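Notes for the structure review
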Amino acid sequence: VQRALLRGLSAIYDGENAWVERLVEFSGDEDLDLANMAIDELARLGRTNMLELFVERLGSDSWSTRLASLRALEGIRSPEVLAPIVGQMQSESGRMLREFSEVLFRLTGQPFGRRADTWARWLKDSEGDVSVLSERELEALIEELAEREARRTSRADLEVDVPDFFGVSVDSSSVLFIIDVSGSMSDPLRATHEGVPGRARIDVAKEELARAVRGLEEDARINLYA
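In this report, the structure presented in the accompanying data block is examined. Being a predicted model, the structure only gives us computed values, none of them experimental.

Before going further, it helps to examine the nonpolar core. Phe 54, Leu 82 and Ile 85 are the most contacted members of the largest nonpolar core, which totals 38 residues. Only α2 (17–26), α3 (32–45), α4 (51–57), α5 (63–76), α6 (82–89), α7 (94–108) and α8 (116–126) provide two or more residues apiece to this core. Per-element accounting of this core gives the leading share, six residues, to α7. Excluding anything up to four places from it in sequence, Phe 54 contacts Ile 39, Leu 42, Ala 43, Ser 69, Ala 72, Leu 73 and Ile 76.

Quick look at the environment of Thr 118 now. Within the secondary structure, Thr 118 is located in helix α8. On the basis of relative accessibility, which here comes to 19%, the residue Thr 118 falls in the buried class. Here the alpha-carbon distance between Thr 118 and Val 86, two residues 32 residues apart in the chain, equals 9.7 Å.

As a further point, take the pairing of strand β3 (residues 174–178). Only one face of β3 is covered, namely the face carrying Val 175 and Phe 177; the face carrying Ser 174, Leu 176 and Ile 178 is uncovered. Here β3 runs beside strand β4 (residues 221–225); their pairing, made up of five bridges, is parallel. Of the residues in β4, the one forming a bridge with Leu 176 is Asn 223. Viewed along the sheet, the connection from β3 through helix α10 (residues 201–214) into β4 turns out right-handed.

Tallying each qualifying case throughout the model produces 14 salt bridges. For the salt bridge of Asp 164 with Arg 211, the shortest nitrogen-to-oxygen distance reads 3.3 Å. Separated by 47 residues along the polypeptide, Asp 164 in strand β1 (residues 164–165) and Arg 211 in helix α10 bring together distant segments of the chain. Residue Arg 211 is classed as partly exposed on the basis of its relative accessible area, which comes to 36%. Two residues, Glu 207 and Arg 199, come together in a salt bridge whose shortest N-O distance is 2.5 Å. Taken together, the shared-partner salt bridges connect Arg 98, Glu 102, Arg 114 and Asp 171 into one network.

A few words on the packing of aromatic side chains. Tallied over the full model, the rule gives seven aromatic pairs. Their ring planes at 85° and their centres at 5.7 Å tell us that Trp 119 and Trp 122 sit as a pair that is edge-to-face. Placement of the pair is Trp 119 and Trp 122 together in helix α8, with a separation of three residues, close to one helical turn. Of the two residues examined, Trp 119 and Trp 122, each falls in the buried class.

Cut-off values and rules
- Residues numbered from 1 in each chain as written.
- Predicted model: local features only at pLDDT ≥ 70, side-chain atom pairs only at ≥ 80, totals over all residues.
- Heavy atoms only, no water.
- Core = buried A, V, L, I, M, F, W, Y, C linked by side-chain atoms within 4.5 Å.
- Buried < 20%, exposed > 50% of the residue type's maximum accessible area, 1.4 Å probe, protein only.
- Helix = DSSP H or I, 4+ residues; strand = E, 2+ residues; numbered from the N terminus.
- Contact = heavy atoms within 4.5 Å.
- Pairing = 2+ DSSP bridges.
- Right-handed = clockwise from strand over helix to strand, strands pointing away.
- Salt bridge = Lys/Arg side-chain N within 4 Å of Asp/Glu carboxyl O.
- Phe/Tyr/Trp six-rings, centres within 6.5 Å; stacked < 30°, edge-to-face > 60°.

This is the structure in structure tokens:
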């Protein structure tokens, strides 16, 4: 509802300076939902003078505010945003490290993944002579990478550096697993061989859960909700 109200007020005030100033005020509110929505709205309005604000919010103690600011900086699509993003990336881990790496890829097309130190060295070695991909260039690069991935014939070629749960990457160091324990979980899955009964769904879920947990970092925080 708050987001709809912000959108509605933006439509009414149509980018008036007083309304933009109010959004800037909201972006520092103690209510993180309101603060993050204000950052989203400022980014959507496309004001070019918001770079400093987004960079400041990128250093927030709240991961959700950092994420909103990261996406706002991505929307600016300027080489100016690279240094603050790479700088903050050095302090990130887990899911947020992945978010930073993906934004940097979409901006530059560089293949450094989650290696924050490599991003920092690349930016330093470039001495500021970097450019941001256009949306058309990014689409072409993604298509090229997808074709290259399709030609791989061995899983050994894949760079898997995070655990997964039924194929879903588990990037965070704070994870809640939700497992269905209703009666249907006792039903068997489709058999892999004729004459051999399929395994119970709950048994497969337990194995996937155990495998995913074993793959997490030692300091990861986990919980289970049945």
